[in-house]
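Overview (structure and organization)
Here is how the chains run, residue by residue.
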Amino acid sequence: AYMLSYLLLLVCAHCCIISGCNESWSACCRALSLACAPAAARCFEESMYEAARLLFTHIPNWGRLASTLVRLHRFQEAVDAARKANSSKTWKEVCFACVEEGEFKLAQLCGLNIIVNADDLDEVSEFYQRRGHFDQLMSLMESGLGLERAHMGIFTELGILYAKFKPDKLMEHLKLFGKRLNIPRLIRVCEEQGHWKELVHLYIQYDEYDNAAHCMIAHSPVAWEHVTFKDVVIKVSNVDVYYKGIRFYLQEHPELLADVMKAMEVRLDHARVVLMFRKDGALPLIKDYLLNVQKTNILEVNEAVNELLIDEEDFEGLRSSITTHDNF
């Protein structure tokens, strides 16, 4: 009886497709409901999609119905069926079909139900990117930021997309959502894309102050800011960064040298600083710094101050220096 029902449904499928009589088809489905599932699958396999649609609707099997509607190019109905199926597999099938057909609004409706699953996000992103739909992908991710189930992956992926395709929006994104980003991943992307100012910001967010200082020095035309550098350099762990920073200021921003050295003053080896500037013949540039640290009564500092006072013929100042600081 089951096999007979199955065969009758297949015959009805062929007849109803030829005649276009959906009412007869629906009546046939109701009468032979036991065989609907295998008959629907067979109709689908034989590209009898209209018959398969009616059968899958009757059963109902929303996932298979969505697949069938995609093949019928009835995308809005496919989205509705996918919503009822509510499975990641179905959402992806309908989403990708909509993308291929340029139905990006419908694709976005599907995509929002996919990207909330972190494991599926990369697959969606790669699918869009391989087809060059970068703006549509960014629009999808931007919409995803407001979802109740929005996770770090969405915020990070949007940052990566901005870095690659819309860098003018990158810094604002980093500042707004700094605590919801996978910073190491974005650091790698910013390095690859050469976004040095944004890279400095990420290094600071991640407490990598040494790297932030190095980046500002290496890419100073776009990455360096004086106030930021002063804040960063006093937090570095490698003392060599201090002296690299001093040399950088000596070469590129001598007018700000005194200010940055004042910020670093308590962390510097004053004798080493004197030796550095003596070799460059630039002791006069740090006179204020030397006078300020002379209270430490270090031999190299005292001798440097005294030399400067002699060159300036400031004998009153020299007398005071010698009287107050006897280590020379």
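The structure this text deals with has already been given above.
Read on for an overview of the structure. (Residues numbered from 1 in each chain as written. Predicted model: local features only at pLDDT ≥ 70, side-chain atom pairs only at ≥ 80, totals over all residues. Heavy atoms only, no water.)

**A closer look at helix α7 (residues 88-100)**
For α7, with 13 residues, the first-to-last C-alpha span of 18 Å sits near the 18 Å given by 1.5 Å per residue. Taken together, the buried positions of α7 are occupied by T90, W91, K92, V94, C95, F96, A97, C98 and V99. Against the buried residues of α7 lie α5 (62-71), α6 (75-85), α8 (104-114) and α9 (118-130). Trailing α7 by a residue or two, G102 shows a phi angle of about 75 degrees, which is positive. (Helix = DSSP H or I, 4+ residues; strand = E, 2+ residues; numbered from the N terminus. Expected span 1.5 Å × (residues − 1). Buried < 20%, exposed > 50% of the residue type's maximum accessible area, 1.4 Å probe, protein only. Contact = heavy atoms within 4.5 Å.)

**Here we look at helix α18 (residues 240-252)**
With 13 residues, α18 should cover 18 Å at 1.5 Å per step; its first-to-last C-alpha distance of 18 Å lies within 8% of that length. Inspection of α18 places V241, Y242, Y243, G245, I246, F248, Y249 and L250 among the buried residues, and these make up the whole buried set. The inward-facing, buried residues of α18 contact α15 (209-218), α16 (220-223), α17 (226-233), α19 (257-264) and α20 (270-279).

**Focus: the environment of K197**
Relative to the assigned elements, K197 resides in helix α14 (residues 196-205). On the basis of relative accessibility, which here comes to 40%, the residue K197 falls in the partly exposed class.

**Description of the pattern of salt bridges**
Tallied over the entire structure, the rule returns 19 salt bridges. Residues E307 and R278 are paired through a salt bridge, measuring 2.8 Å at the closest nitrogen-oxygen approach. With E307 in helix α22 (residues 299-311) and R278 in helix α20, this residue pair connects regions lying 29 residues apart in the sequence. Classification of E307 by relative accessible area gives partly exposed; the value is 33%. The exposure class of R278 is partly exposed, given its relative accessible area of 34%. Salt bridges sharing partners connect three or more residues here, namely E50, R53, R74 and E77. (Salt bridge = Lys/Arg side-chain N within 4 Å of Asp/Glu carboxyl O.)

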